[in-house]
Amino acid sequence: QVQLVESGGGLVQAGGSLRLSCAASGSTASINAMAWYRQAPGKQREFVAQITSAENTHYTDSVKGRFTISGDNAKNTVYLQMNSLKPEDTAVYYCYVSTTWWGDFWGQGTQVTVSL
């Protein structure tokens with residue numbers, strides 16, 4: 001089992017920056033990828049960014065060049081640096097991990113609100 005604790009959400013003006021953190025605990029040795037998803041009001045949850053255990057990264061097109069995902073293996077933590085934020089980035093952001101032995105896990109979500 002893996003437990004996830006997210007932090008770093010908040011309210012920011014358009015053009016501003018936020019950094020989200022997701023700390024994993026438990027069976028972290030089996031993690032093979034960590035990712036961020038987001039869900040805006042009235043919309044389906046969507047993929048934002050992923051980093052694999054080999055440190056390969058992937059982004060959805062709408063955040064490329066603005067968001068950066070990174071990981072700290074020693075701390076079992078993944079970060080999402082979000083720059084040049086837009087109102088359309090407003091959503092609840094969820095941390096997600098994929099493990100070899102225990103399946104997939106989600107964090108509780110953290111609210112990001114970008115105002116004009």
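Just so it is clear, the structure is predicted and the values come from calculations on it, not from any experiment. (Residues numbered from 1 in each chain as written. Predicted model: local features only at pLDDT ≥ 70, side-chain atom pairs only at ≥ 80, totals over all residues. Heavy atoms only, no water.)

Attention now moves to the packing of aromatic side chains. Aromatic ring pairs: the centre-centre distance and the angle between the two ring planes describe each pair. Enumeration according to the criterion identifies five aromatic pairs in this entry. Centre to centre, the rings of Tyr37 and Phe47 are 5.6 Å apart; their planes meet at 80°, and the pair counts as edge-to-face. Of this pair, Tyr37 sits in strand β4 (residues 31–39) while Phe47 sits in strand β5 (residues 46–52), and the two are ten residues apart along the sequence. Judged by centre distance (6.5 Å) and plane angle (85°), the rings of Tyr94 and Trp106 are edge-to-face. (Phe/Tyr/Trp six-rings, centres within 6.5 Å; stacked < 30°, edge-to-face > 60°. Helix = DSSP H or I, 4+ residues; strand = E, 2+ residues; numbered from the N terminus.)

On to the side chain of Thr99, then. Mapped onto the elements, Thr99 comes out in strand β9 (residues 91–99). Separated by 2.9 Å, the side chain of Thr99 and the backbone nitrogen of Trp102 make a polar contact. A polar contact is formed between the side chain of Thr99 and the backbone oxygen of Gly103, at a distance of 2.7 Å. (Polar contact = N/O pair within 3.5 Å; in protein donor to acceptor, adjacent residues only side chain to side chain.)

Below, the discussion takes up the pattern of salt bridges. Under the defined criterion, the tally for this structure stands at four salt bridges. When the shortest N-O distance is used, the salt bridge between Arg38 and Glu46 registers 2.6 Å. Relative accessible area serves as the criterion here: at 5%, Arg38 is assigned to the buried category. Judged by its relative accessible area of 35%, Glu46 falls in the partly exposed class. For Asp89, the salt bridge goes to Arg38, with nearest N and O atoms at 3.0 Å. Highlighted residues: Asp89 in the loop between β8 (77–82) and β9 and Arg38 in strand β4, separated in sequence by 51 residues. Note on accessibility: Asp89 and Arg38 belong to one class, buried. Connected via shared salt-bridge partners are Arg38, Glu46, Arg66 and Asp89. (Salt bridge = Lys/Arg side-chain N within 4 Å of Asp/Glu carboxyl O. Buried < 20%, exposed > 50% of the residue type's maximum accessible area, 1.4 Å probe, protein only.)

Going through the model one piece at a time under the given rule, you end up with one disulfide. The disulfide that involves Cys22 links it to Cys95, with 2.1 Å between the sulfurs. On the S-S bond that ties Cys22 to Cys95, the torsion sits near -85°, and the link is left-handed. Here Cys22, found in strand β3 (residues 18–26), pairs with Cys95, found in strand β9; they are 73 residues apart in sequence, far enough to count as distant. With respect to burial, Cys22 and Cys95 carry one shared label: buried. (Disulfide = S-S within 2.5 Å.)

Let us now look at unusual backbone geometry. The phi angle of most residues is negative, glycine excepted, and most peptide bonds adopt the trans form. We note that Asn76 has phi near 50°; this positive angle belongs to a residue other than glycine. Within the secondary structure, Asn76 sits in the loop between β7 (67–72) and β8. For Asn76, a relative accessible area of 28% corresponds to the partly exposed category. One non-glycine residue, Ser84, lies in the positive phi region at around 50°. One can find Ser84 in the loop between β8 and β9.

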